[in-house]
Amino acid sequence: MTQTQRLELPYRSIPDMFLHRVAETPDARAFGRPAPDADAEPIWMTWSEVGEQARAIGAGLTTLGIAPEDRVAVLSSTRLDWILADLGIMLAGAATTTVYPTTEPEEAVYIVGDSGSKVLFAENAEQAAKLDGADLPNLTTVVLFDGAPRGTEAIRTMTLADLEAAGRAAATADPGLIDRIVEGIGGDRLATLIYTSGTTGRPKGVELLHAGWVWQGRTQQDTGVLTKTDLQYLWLPLSHSFGKTLLCGILYVGVPTYVDGRVDKLIDNLGRVRPTLMCAAPRIFEKVYNRVVTGAQADGGAKLKIFTWAVGVGKRASAERLAGREPGGLLKVQSALADKLVFGKLRARLGGRMRAMVSGSAPLSPEIGEFFFAAGLPILEGYGLTETSAGSFVNRDGKARIGTVGQALGDLDIKLDTDGEVLLKGTPIMRGYHNLPDETAAAFTDDGWLRTGDIGELDDQGYLRITDRKKDLIKTSGGKYVAPSYIEGLFKSVCPYTSQAVVVGQARNYVTMLITLDPDAIKAWAGGTALAGKSYAEIASSKEAEELVAGYVAELNTKLNRWETVKKFTVLSRDLSIEDGELTPSLKVKRRVVEKSFAGDIDRMYAGSLAEI
């Protein structure tokens, strides 16, 4: 399936798009952030205020010698200062290098050095210290969001306020400075370097251009993913392409957005901010699902029966709506009652105004998607890669198909290779991998299609279903292919106590699974037993927990083909984490790292099995 007519882009670049937004709606709310007083209402900035501060940062960067396409790195958690710095970098004509705040010092040094970044915005002195003692000849200055320079730094260090003051002085001396720079930035200029894990262990810098980001903004408006009447809650890592593409949609559409990367404050803040839209990785939705389902199971009795009945009714009602029909007759009455007794309370916990939620960065279990649709909280699953400026496919509000990632955005071209690999071509595709010509060549076909590495299926309406990562497909020693992400997602929907599940079986004669439990859910379950008050590790290693999980594995196996069934499993003594290198910052499982970390557990599950080939 291909589309040939190219979209017209009304803006040349991100800064051109941003300045038009400021001029069009100067007094409208732009971005909100937490107040210093935790009990106070969020503090909001208008587009005019954002524009003024970003201009000061951009002009300030020119006083540090930053010129067009120079790289400027940002090492910080998600917060409004991150966005202001990024917009300032764009206005200076430079390119933003993103560094996750969880990045270890060695990798942070590599990213800053490989990108050739000349300035680093750091959240605080602790983050900046990750570069202490490193040989970074291009890096001239560090700018701190929080705190003041110690005065003992080996590299020039200043506060964000100092940089803005220098920028205001420069702009006073040359009022046309920023506008001249922006006028010279075209769509084919480098906007962003986002580093993604490579097969060699070293991350690869994905070069993304201004035109691709403007395209993302336009397609988010065209598909109705973002609307002017929305209020968005943004907590996603801005170092990730998902966060960056949302920022471009915000600029294009003009969506007021509350920014707060503290995941532990998410549920509390949803009730306060009351957004209409939130985007997240599947793990967030899984945790909400786990909490709701295990809570109902803990209540037991009549409450559990009502909950189970309501979910069944909700699924039948949402199936009607997804088919384009409103529930009628008895189902309409039952749906209203289920909403009053169960689902209305869940929506209230998420602020009570949620129009839609968008899931991306990893597969979402269809069964969990069905639950949220039943609750009147539609999750619009999407798909994309860092190499495609994030958004490539998304389900549209009112036209979603659960289990798919929706239809292609804009004029993106798609086709499936002979082995089912999804191939893409179009404006948002990367220029290449920074300083890696061989890797860049390998990422494209001879005729210019990007190899996504994902296996998929397209239906007759252009809806794409991703079946698995090409490199993750398992071939058992019996010659049968198994898609691990399908089994893992199905298990998460079956067992509400699951945190992570990793299927193992490559070249083995049967399939096994490593399982971690949701710490909150399993401790709540243990509360009424002899395990009450025990640590996660003690609960996970108990006979009771093993029996609990075994029941869910047995239920899972009833839904699988014979060669896919999980013959053995291990409940791990701890959850997977970003800090231990087993999860990416966007919460994807690093399968190879997990298999190496828990090689002993895997070997025990295959001890005594037939020889493997």
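All values derive from a computational prediction rather than experimental measurement.

Conventions adopted
Residues numbered from 1 in each chain as written. Predicted model: local features only at pLDDT ≥ 70, side-chain atom pairs only at ≥ 80, totals over all residues. Heavy atoms only, no water. Buried < 20%, exposed > 50% of the residue type's maximum accessible area, 1.4 Å probe, protein only. Helix = DSSP H or I, 4+ residues; strand = E, 2+ residues; numbered from the N terminus. Pairing = 2+ DSSP bridges. Phe/Tyr/Trp six-rings, centres within 6.5 Å; stacked < 30°, edge-to-face > 60°. Lys NZ or Arg CZ within 6 Å of the ring centre and 35° of its normal. Salt bridge = Lys/Arg side-chain N within 4 Å of Asp/Glu carboxyl O.

Undergrad: Can you walk me through the pairing of strand 6 (residues 141–144) in this structure?
TA: Each regular strand displays side chains that alternate between the two surfaces of the sheet. The two faces of strand 6 match: Thr141 and Val143 on one face and Val142 and Leu144 on the other face are all buried. Pairing geometry for strand 5 (residues 119–122) and strand 6, over four bridges, is parallel. Counterpart to Val119 in the pairing with strand 6 is Thr141. In this structure, strand 6 lies alongside strand 7 (residues 156–159), joined through four bridges in parallel fashion. Across the sheet, residue Thr141 finds its bridge partner in strand 7, namely Arg156.

Undergrad: How should the packing of aromatic side chains be read in this particular structure?
TA: The geometry of an aromatic ring pair is captured by two quantities: the separation of the ring centres and the angle between the planes. Taken as a whole and judged by the stated rule, the model has twelve aromatic pairs. Relative to Phe393, the ring of Tyr383 lies with its centre 6.3 Å away and its plane at 55°, an arrangement referred to as tilted. Of this pair, Tyr383 sits in strand 14 (residues 379–383) while Phe393 sits in strand 15 (residues 393–394), and the two are ten residues apart along the sequence. The same class applies to Tyr383 and to Phe393, which are both buried. Between Tyr510 and Tyr606 the ring centres are 4.8 Å apart and the planes differ by 25°, which places this aromatic pair in the stacked class. Residue Tyr510 is located in the loop between strand 24 (498–504) and strand 25 (511–517), and its partner Tyr606 is located in helix 21 (residues 599–606); the two are separated by 96 residues in the primary sequence. Comparing Tyr510 with Tyr606 shows no difference in burial state: the two are buried. Through a chain of ring-to-ring contacts, three or more aromatic side chains come together here, namely Phe285, Tyr289, Phe307, Phe371 and Phe372. Here the guanidinium or amino end of Lys244 rests over the ring plane of Trp213, the centre of that ring lying 6.0 Å away. Here the basic side chain of Lys480 rests over the ring of Trp563, its NZ or CZ set 4.4 Å away from the ring centre.

Undergrad: What's the story with the pattern of salt bridges in this structure? I'm lost.
TA: Two side chains with opposite charge may pair up if their charged atoms get near one another. Applying the stated rule across the entire model yields 42 salt bridges. Taking the shortest distance from any N to any O, the salt bridge between Glu69 and Arg189 comes out at 3.3 Å. You can see Glu69 sitting in the loop between helix 2 (47–63) and strand 3 (71–75) and its partner Arg189 sitting in the loop between helix 7 (177–183) and strand 8 (190–196), a full 120 residues away along the chain. Owing to a relative accessible area of 22%, Glu69 belongs among the partly exposed residues under this scheme. Here the salt bridges share partners, and the residues they tie into one network are Arg283, Glu286, Lys287, Lys492 and Asp518.

By themselves, these figures tell us nothing about what the structure is for.
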